Amino acid sequence: MVKFKLIVENPDKPVASGLQVTASVEYHPDSEKDLQDRLLLLVEKDIIEIPLIGLIPCCYLEIEPEINFGTVIANSKVISKEISITNHGSSPGAFKIDYNRSVPVNIVPTSGVVEPKTLQLVKVDICTDIPRVIREVAKVELQGRGITNVTIEAHIVEQVLELLGIPYGNTLECIHFGSVYFGTSNTEKVILYNKSPETMKWVAVLEDDAVGGEMGTQLQKSTDAILQEVNFINRTKELDVSTLISCIPNQGTLLPYQKILITLCFSPKQFKRDVGLNEFPPRQDYALFLRFEALGSKDGFLRALNSDNILIKETHPHHVELALTGSGLPVMLTFSPGPIVNFMDCFMGEHTEIICTLRNESESLPIIFSFHKTAHFNICPEKGKVKEKCTKDVMFSFAPRQVGTFKVKQVVDIFGSVPEEDNLESLKIKPFHQIHLSFTGVCKPKPKKIMFKINPGITPMITNATGQLVADEIGRFTDFAPVAMLRSAQTQMHTHQKNRDCMSDALIAFPNDRSASIRPGERHKKYRTIFTKADRYNYVDPDFAYADYEELEKQANKQYYIDFIRNLRQRRLQKEATRQYNSLNNPVNIGLKPASGLRSPKITISDLYKEKQKLEITPLKADCLLSSRKLAALESKSLNNEVCDGLNAVPSYPQEKEDCSITLTPKQLYQILIGPSTIDFGEVCVHSSSMRKMHIINNLSVHIWIQVEIESEELQQTSPLSHVLPPLSKTYIPVVFETNALGKFQKSFTYTINSKHTGHVLVVAKVVPVALELSARELILNPTPGFLVATGYTTTVRICNHRNYLAEFSWKPIVTEKGIAFSIRPAKGIVEAYSDLECEVVWHPNFCSSETGEFNLCVREGNTIKLKCVAKVGPTSVQFMEQRISFRCAPLGLTTCKIAILQNTGHNHAYFQVLDSNPLLGMTITPSQGVVPVGGHTDLKIYFIPNAVMKFDTRVEVAIRHGKVLELRIGGSVEAPEIGINVESFKFNGVYAGSTQGIPFLLQNKGVARAKVEFDLSKYKDFTLTFQDQSVVDYYPWRPYLYSVELEGKSTLQCSLYFTPTEVAAYDFSLPININSEVPSSQQTSTATTPCGSGKHIIVPRPQIVTVTVPLCTVQATALQPPLEFSTSQLIFESRSMHLGIADEHQSTQKFDLKNISRQQVTWKLDLDGGGKAIEDGIFKFSLCAGVLDAGEKTSITVGFCPSCPGTYGAEVPMFLNDNTSHYKRLTLSGTLKSPRISFDPPLLILVPVPLDMKTETYVNIIPKDYSRPSALQVEVPVLEFEDGERINPLSVQFPSGQIIAVSPEGINVGLTCYISFRSSRPVSFLGNLFFTDDEKNRFSLQVAATAENCLLTIYPYLMLHRTDQQIILTSGKGSECFLT
């Protein structure tokens, strides 16, 4: 067959240069084999051979041989890379990846098909949870190429920070600052090195609460001396250590393998201590720890460690600690003489000198000093340096330039290294401490005589320019002019008559005082002279005084602020009053005064204590060094402010938008705690839903915006994914994990802070199927003394579910050849997550039950566990109470039952089996198996239905489990029945249709055995039987005409046969009688078929089949046409009456007609003596009692119904015809007299116990019946009388819809609603009756129970009902009361 086909059109002419001829070759393979052939091309005389190769379609898969993740940081993040499987072939190719190693590498997909000329991307995930080197090999099976190995490599390293020293680059663990004066600083420089391949953000934290730290302790002292300074130790705990140590910079970002220079500055501060006057403060030694920590997904997170959700930090692996030591020293410079220096007195132009010795008491640091320049005093040298434990002399000289006593403070500056405010890295020599000396010197003037001028007149202390000054008294006066401010009312000397009535608020002006001040006068003030009180001109300077409109504006502005403050106060008081009203008032007025009766508590001396003022926690400053104590304080405040509801998903308010747009620094990010960094769900069940909290704590003073981005399908139920968290608060995001795949789960999701800073959280879970555990694999059931038979062998097994998903289980018994006698309840069910279920295991023992059994606990989609059960049966002791049972004179054909009693005299329940339950023909023993309880007995019922006359004696064996075999003897005889009737023929001659005639007879049992006689009159329904003793007669509802009578031996029964024809007829038959026949099938007992007797039983003589003789009785009866026709044979009376006992009013009457339908005269009579008590009491009365009717004649008889009281009455009156004593017909009378009555819903009213003076109320429905006309109700309320004679009416009754009982046109009574309330101001508990009386004086009572007191136990239901709308105030002491507001 041709596989290659050439399609070409050969040219007829030569092909010119530059032209071409096209040919096509088609390949048609018919097998999966590659073929080869050739094509010959003839070009003029040359032959060109072109090879043809035919290849079948196939795939050609190629995969990358290596996946290298490189060097990554161990930050619990899941990282991914993709490799491609390329199909270069022409048909699809399948691949399969096999990887089963301990290193958690996730490969998706692990199998698939790659289409031709395409590629398939395979995602490989690894988790960077711990540092390690990953070098794994995955086997990839490619179609057509076999198995290829793919290498997976990764180097996971720790994120490492190192501190290096300068200049050698050695690793630093401690820096010694040495001794530094208080107020000065010392700096050291270190290098911070990021020894990791990724960029990291870092922050410096000062550990001021670390173990081993020292805060200003003088280590040179002994331990006992240090511990005695308790107050000082307590003060050091409150010290802000961040002011002592500075780190520049204290936060930042490090690139991979980058180094930066860190400057550390030590600036000790002096504590206030109790030291002597001439003592120097002690030195303060410090030992602190500075931690440089990297920020990442595992840093700063919180983890819930117990059920109380106490959150503590995880261990931080990416940090380095640096110990810092240093000492703070005081300036110990002494002056001799000093610090008070007294110079000798001198005159103007002279000077005195004193040599002062400066001594440096410090042993480690020198002192650089500088004296300030002071007038009249000179110091030489003014500057200098005093070395350790050295002295220096300084000359002090006093050269006054004026006369007087000079007391000045000489300031001495001490210089040291002090950092600049803006640049802490550079230190400059500046004064940091001052010492004050007191210089005192006196300059005496030379003697000089002064001539004084006489100044006549009154001269004030300080005069104006025209006065004079007294040189000797210049130091006694102040620098202001005394302006007189005396009121005119205080003196009347020299007052002119016209000035007597001057203004009382005018001011007095001293003479010559106008030039004392340039202050302008005030317009509203008046001035008078000091003596005559004459008005003096008040000068107002227009350049400095207020104008009139300015005065008005000033006053208006002042009044505006007064009104503003007054309005603020009124608004605040109104808000306070409204808030108090809303909190203490509600719509329910309970009549109690708020806080009435409360007493102020008595304060004792012991109650007066000084509460320590709590330090207010303020947010950290931006440039402040973080300290562990401040962070713990902020974290504690944030943890106490948990916000779960009301958070915005996105920033909404302006403040939130402003805060959430901030780019946070590493220090700020360090104060935001999100975690835990690894959420470990542990073992979770497939198809289950588990939740863990991702806590978010914001220790910043601004809002932050947290957004979570989840791509994993297993975490899609996590919600909400965005929160705007307020400052200093915490919340959480519930992370929900759901999966349908078994195996390990490791994936991470990311979150962002303010949409700028990212982090991640690793989610780890082990997905397992549901599983249950048993508390025991084997159960032993021992008999429990005192338990019933059904629960004698009972125990329990616990099914435990230790996983997070409900498990559906079922118990399946393992049935063996012996069967299983154990049961477990419940047989199936559900065990909720993290709970257990008790199952009851019961052994159902009998004589043949197995003592062992096994069950399989089958968990749906889970495990299967086998449970083995073993019952331990103890020894038993059983005996018959009677060893012989006698059937003496058993009736032939009837069932005779005897009982044999098994008595248990042992300590365990006994289980028995009757070996032969049918020892004789017709004899059955039940039950054939059973149990005899401990201390009890069991009845064995022996049913015997003989079919022949005989005498017998037999033995029955009963086997006892774990006991001996018992024997029971049964003997007796069977007798045939003998029944007789003293009447051989029953004749009923001429009985009218509708009337009744009876014939008595005597039924006799002449035999010694019990007999059963049945009369079947189902074919003769006009005949009925009556018996004098109804206790021996059985009636069957489904066969109403069957009469069954049981007669004991040698007994008789008086009977009667009645004939009540319904139409004209004649009867002649034999009375159907059956003796000892079978009971009707519906009443037969379920007994087993009686087999033939066993050969071992003794029956002497052999059973004889006999025929039972039935007495023969004939019945002859004739039914005649009735002579009288009744219009009705039943009268029914029903009436309503309001006046009982009156015969001639409101009585009911009815008539019935009698008609003679015969051709002869008929005499009739009503037998009122046989009508019963209702006829005798005159309730039913007749207008005629007897009469004679001719042929065709008709008469009417009126019957009256007049009862004496409400009720239902009935009577049957017989009628005789033509003086015949047999009843012709009975007239049935019935009557009902209804009386109005009222019922209540509820029938008994129990009110809720209430506090004193509180009202309780309820509605009662009044339901009237049998009212024929409207009636009004009146209520009688009981009055309560106390022992002191006070009478109260605690109950009140109201009718919201009126008190009239209405009657509708159809005669239906309309109900009422009654509103009953109870209130009492005194404690009372009573049970009384409310009486409702209608217009006819009918009284109806409603029982009411109510209680009022202030006992909390009594009124608890009321308090629970009103717990939200009423407030309870309790007072203690004498006269305790309870108030409700």
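Every value quoted in this text rests on a predicted model; they were computed, and no experiment measured them.

Conventions used here
Residues numbered from 1 in each chain as written. Predicted model: local features only at pLDDT ≥ 70, side-chain atom pairs only at ≥ 80, totals over all residues. Heavy atoms only, no water. Helix = DSSP H or I, 4+ residues; strand = E, 2+ residues; numbered from the N terminus. Contact = heavy atoms within 4.5 Å. Areas by Shrake-Rupley, 256 points an atom, 1.4 Å probe, with all protein chains shown as cover. Buried < 20%, exposed > 50% of the residue type's maximum accessible area, 1.4 Å probe, protein only. Patch = residues over 30% accessible without salt bridge, like charges linked within 9 Å, V, L, I, M, F, W, Y side chains within 5 Å. Salt bridge = Lys/Arg side-chain N within 4 Å of Asp/Glu carboxyl O. Pairing = 2+ DSSP bridges. Axes fitted to C-alpha atoms, helices over the stretch in contact; angles between N-to-C directions. Expected span 1.5 Å × (residues − 1). Arc of directions from axis to C-beta. Phe/Tyr/Trp six-rings, centres within 6.5 Å; stacked < 30°, edge-to-face > 60°. Lys NZ or Arg CZ within 6 Å of the ring centre and 35° of its normal.

Caption draft 1: Inspection of the overall build of the protein at higher detail. When you go through the protein residue by residue, the secondary structure sums to 8 helices and 99 strands. Intrachain contacts of the protein at a sequence separation of at least 6 include 70% that bridge at least 24 residues. On the protein, roughly 80000 Å² of surface is accessible, and the fraction owed to carbon and sulfur atoms is 51%.

Caption draft 2: Fine view of unusual backbone geometry. For the bond from Ile-166 to Pro-167, the omega torsion is 10 degrees, close enough to zero to count as cis. Within the secondary structure layout, Pro-167 lies in the loop between β14 (161-164) and β15 (174-181). Going from Gly-338 to Pro-339, the amide bond is cis rather than trans, its omega being 5 degrees. Within the secondary structure, Pro-339 is located in the loop between β26 (333-336) and β27 (340-342). Positive phi values are uncommon outside glycine, yet Leu-728 reaches one of about 50 degrees. On the secondary structure map, Leu-728 appears in the loop between β43 (722-725) and β44 (729-738). One non-glycine residue, Cys-889, lies in the positive phi region at around 55 degrees. Checked against the element boundaries, Cys-889 lands in strand β57 (residues 884-891). By relative accessible area, Cys-889 is classed as buried at 18%.

Caption draft 3: Summary view of the environment of Leu-41. Along the chain, Leu-41 turns up in strand β3 (residues 35-43). Apart from residues no more than four positions distant in its own chain, Leu-41 is found in contact with Asp-46, Ile-47 and Ile-48.

Caption draft 4: Structural detail: a nonpolar patch on the surface. Nonpolar side chains collect at one region of the surface, where Leu-6, Val-8, Val-15, Leu-19, Val-21 and Val-25 lie side by side and expose about 480 Å² of accessible area between them. With respect to the secondary-structure elements, Val-25 resides in strand β2 (residues 23-27).

Caption draft 5: Quick peek at the sheet that holds strand β79 (residues 1148-1156). With respect to topology, 4 strands assemble into an open sheet ordered β77-β79-β83-β81, the strand pairing being antiparallel. A strand with exactly one partner marks an edge of an open sheet, and here the two such strands are β77 (1124-1126) and β81 (1180-1182). The sheet shows a mean angle of 25 degrees between the axes of neighbouring strands, taken without regard to direction. As judged from the 8 bridges shared by β79 and strand β83 (residues 1194-1201), these two strands associate in the antiparallel manner. Across the sheet, the residue bridging to Gln-1150 is Val-1199, located in β83.

Caption draft 6: The sheet that holds strand β33 (residues 391-398), seen in detail. On the basis of which strands lie adjacent, the open sheet formed by 4 strands has the order β26-β29-β33-β31 and antiparallel pairing. Every interior strand has two partners, whereas the edge strands, β26 and β31 (377-380), have only one. Adjacent strand axes in the sheet meet at a mean angle of 25 degrees when their direction is disregarded.

Caption draft 7: Representation of helix α4 (residues 628-639) in the model. Relative to the 16 Å expected for 12 residues at 1.5 Å per residue, α4 spans 16 Å between its end C-alpha atoms, a close match to the ideal helical length. Every buried residue belonging to α4 is among Ser-628, Leu-631, Leu-634, Glu-635 and Ser-638, and all of these are buried. The buried side chains of α4 occupy one side of the element, clustering within an arc of 125 degrees when seen end-on.

Caption draft 8: Examining the packing of aromatic side chains more closely. Applying the stated criterion to the full structure yields 44 aromatic pairs. Aromatic pair Phe-1295 and Phe-1332: ring centres 6.5 Å apart, planes at 85 degrees, arrangement edge-to-face. Note that Phe-1295 is positioned in the loop between β93 (1291-1294) and β94 (1300-1301) and Phe-1332 in strand β96 (residues 1324-1333), a separation of 37 residues in sequence. The exposure class assigned to Phe-1295 is buried, which follows from its relative accessible area of 15%. Looking at Phe-1332, the relative accessible area reads 0%, which means it is buried. An aromatic cluster is present here, built from Phe-335, Phe-343, Phe-369, Phe-371, Phe-377, Phe-396, Phe-398, Phe-406 and Phe-439 joined pairwise through their rings. The ring of Phe-69 carries the charged tip of Lys-81 above its face, separated from the ring centre by 6.0 Å.

Caption draft 9: Representation of the pattern of salt bridges. Following the criterion strictly, the structure yields 34 salt bridges and no others. In this structure, the salt-bridge partner of Asp-563 is Arg-566, at a minimum N-O distance of 2.8 Å. In this pair, Asp-563 and Arg-566 are both assigned in helix α3 (residues 548-584), 3 residues apart and thus about one turn of the helix distant. Connected through shared salt-bridge partners, Glu-207, Arg-291 and Glu-293 make up one network.

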